[in-house]
Amino acid sequence: MIQFQQVSKFYNPEIVALRDVSFDIDQGEFLFLIGPSGAGKSTLIRLLIRQEDPTQGTILFDDTDILSIRKHLLPVYRQQIGVVFQDYKLLDTKTIRENVSFALEITGKLDNEVKETTDSLLDLVGLSDRQDLFPEQLSGGEKQRAGIARALANEPKLLIADEPTGNLDPETSFEIMKILQTVNEWGTTVMIATHDKEVVDAMNQRVIRLENGTIVSDQKGGYNGNCDEDKKPAKSRKVEIEAVSALPIEQKETKPDIISDLDQLPVSSAVRRQLRKNSIVTIDQLLDLSESELISLDGIGDKKAQDIVNALESFVNAPPHEQA
Ligand code: ADP
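Values in this document were obtained by computation on a predicted structure and should not be read as measured data. (Residues numbered from 1 in each chain as written. Predicted model: local features only at pLDDT ≥ 70, side-chain atom pairs only at ≥ 80, totals over all residues. Heavy atoms only, no water.)

Any chance you could break down the environment of serine 260 for me, citing the residues and the numbers?
With respect to the helices and strands, serine 260 occurs in the loop between helix 9 (249–254) and helix 10 (269–277). Residue serine 260 is classed as buried on the basis of its relative accessible area, which comes to 12%. For the pair formed by serine 260 and threonine 282, sequence separation is 22 residues and the distance between their alpha carbons is 5.1 Å. Those residues in contact with serine 260 that sit more than four places away from it in its chain are Gln27, Trp186, Gly187, Arg276 and Val281. (Helix = DSSP H or I, 4+ residues; strand = E, 2+ residues; numbered from the N terminus. Buried < 20%, exposed > 50% of the residue type's maximum accessible area, 1.4 Å probe, protein only. Contact = heavy atoms within 4.5 Å.)

Let's hear about the site of the ligand: which residues, and what values?
The local shell around the ligand consists of Tyr11, Ile15, Ala17, Pro36, Ser37, Gly38, Ala39, Gly40, Lys41, Ser42, Thr43 and Arg46. The contact in question runs from an oxygen atom of the ligand to an N or O atom on the backbone of glycine 40, over 3.0 Å. Within the side chain of serine 42, one N or O atom sits 2.7 Å away from an oxygen atom of the ligand. Starting from 560 Å² of accessible surface for the ligand in isolation, the protein chains cover 62%. Elements supplying a minimum of two residues to the shell around the ligand: strand 2 (15–25) and helix 1 (41–48). For the shell around the ligand, the element with the most residues is helix 1, which contributes four residues. Here the shell around the ligand is built from residues that sort into five nonpolar, five polar and two charged. (Near = heavy atom within 4 Å. Polar contact = N/O pair within 3.5 Å; in protein donor to acceptor, adjacent residues only side chain to side chain. Areas by Shrake-Rupley, 256 points an atom, 1.4 Å probe, with all protein chains shown as cover. Nonpolar A, V, L, I, M, F, W, Y, C, P; charged D, E, K, R; others polar.)

Could you give me a rundown of the nonpolar core, with the residues and numbers involved?
In terms of nonpolar packing, the biggest core is built from 42 residues, with Phe30, Phe32, Ile148, Leu159, Met177, Leu180 and Ile192 touching the most fellow members. If you list the elements that add at least two residues to this core, you get strand 3 (30–34), helix 3 (96–105), helix 4 (111–124), helix 5 (140–151), strand 7 (158–162), helix 6 (170–185), strand 8 (189–194) and helix 7 (197–203). By residue number, the principal contributor to this core is helix 6, which donates six residues. Sequence-distant contacts of methionine 177, defined by excluding residues within four places in its chain, comprise Phe30, Phe32, Thr165, Ile192, Val199 and Met203. (Core = buried A, V, L, I, M, F, W, Y, C linked by side-chain atoms within 4.5 Å.)

Summarise helix 10; cite the residues concerned and give the values.
Of all nine residues making up helix 10, eight are buried, and the element is well covered by its neighbours. Ser269, Ala270, Val271, Arg272, Arg273, Gln274, Leu275 and Arg276 are the residues of helix 10 that are buried. Trailing helix 10 by a residue or two, serine 279 shows a phi angle of about 65°, which is positive.

Any details on the sheet that holds strand 7? Residues and values, ideally.
Sheets are built from strands paired through backbone hydrogen bonds, the pairs being either parallel or antiparallel. Across the sheet, six strands lie side by side as 6-7-8-3-9-10; this open sheet has mixed pairing. Both outer strands of the open sheet, strand 6 (81–85) and strand 10 (214–221), are each paired with one neighbouring strand and no more. Between one strand axis and the next, the sheet turns by 20° as a mean value, whatever way the strands run. Direction of pairing for strand 9 (residues 205–211) relative to strand 10: antiparallel, over a ladder of seven bridges. Among the inter-strand pairings, arginine 206 is bridged to a residue of strand 10, identified as lysine 220. Relative to the sheet, helix 5 contacts strand 6 and strand 7, its axis offset from that of strand 6 by approximately 165°. Contacts from helix 6 reach strand 3, strand 7 and strand 8, with the element oriented near 150° to strand 8. (Pairing = 2+ DSSP bridges. Axes fitted to C-alpha atoms, helices over the stretch in contact; angles between N-to-C directions.)

A description of the pairing of strand 9 should follow, citing residues and the corresponding values.
Within strand 9, six of the seven residues are buried, which leaves the element mostly enclosed by the surrounding structure. By the bridge criterion, four bridges tie strand 3 to strand 9 in an arrangement that is parallel. Bridging from a neighbouring strand, leucine 31 pairs with arginine 206 of strand 9. Here strand 9 folds back onto strand 10 in antiparallel fashion, the turn holding two residues, of which asparagine 212 has a positive phi close to 50°.

Next up, the structure:
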């Protein structure tokens, strides 16, 4: 999905933020970007969202050279990428609900879709009962959950989190990681830039380490390389186990190698999200359900079930090239 090909970024001849960086990220991956302060993590993210351009090299997103995207089309490109920030970047004069719905309104979504999607996003991050409060009335962890809900508003293919736990205590940090893990289970690629060793060790995922603007290692494991279970801090092991056991059984079972193709189904994003909440992540899983099983899914009901049946019919009857 993403390819960095020999990418360098010099801010001036003396300041080399990235030098000859190459890596690929597949759809559905969960990975960390780590390295000391000044290593080039934020620069890499700014290049990926085309906030800045590389001095040399090529960046491909779904096989498109992002440097070739015209300026007026950048907002469309950026809708594919949700970003979560260390300092949340919520709008202080809007409620939590308005912060999330605003991200949908500016892309021209219809009122009922804005409402349904906002409801399901607030539910996903566990903020339904806090939705009418303003950011300053929330804890750091709650603000970060709101930041995640907003970043997911337009169903990005990639979610980038830049030091998402930088201002949070360890327990709250792991709650945030659990939410990001769930988002990833549902098919979104997740990339997290962090200094948080405990979090990286506990998740045991792919880790790209940058130092002085170059990649010095790229492997699955903990902050300092391959995760040696015995060397992990006891607390991390405990939280990791809790994080996995907190997932619904169906999600644990569907985790390996299943890539969600629900995006291809012509239903609203709120319906897709509700299906994912029921651990339905593929069209095949949907086709296996009877109409009464569909209706009985949590939060679906008669009307949404009918929308899904119609969408499945049009999908199944569409010529193959339209299904891609
Ligand atoms: P990290 O996010 O890993 O802390 P950065 O990408 O912010 O690293 O920075 C990498 C290097 O580039 C550092 O030496 C930093 O000082 C420099 N740098 C970052 N942004 C700019 C900028 N806008 N102008 C000049 N130098 C910059």
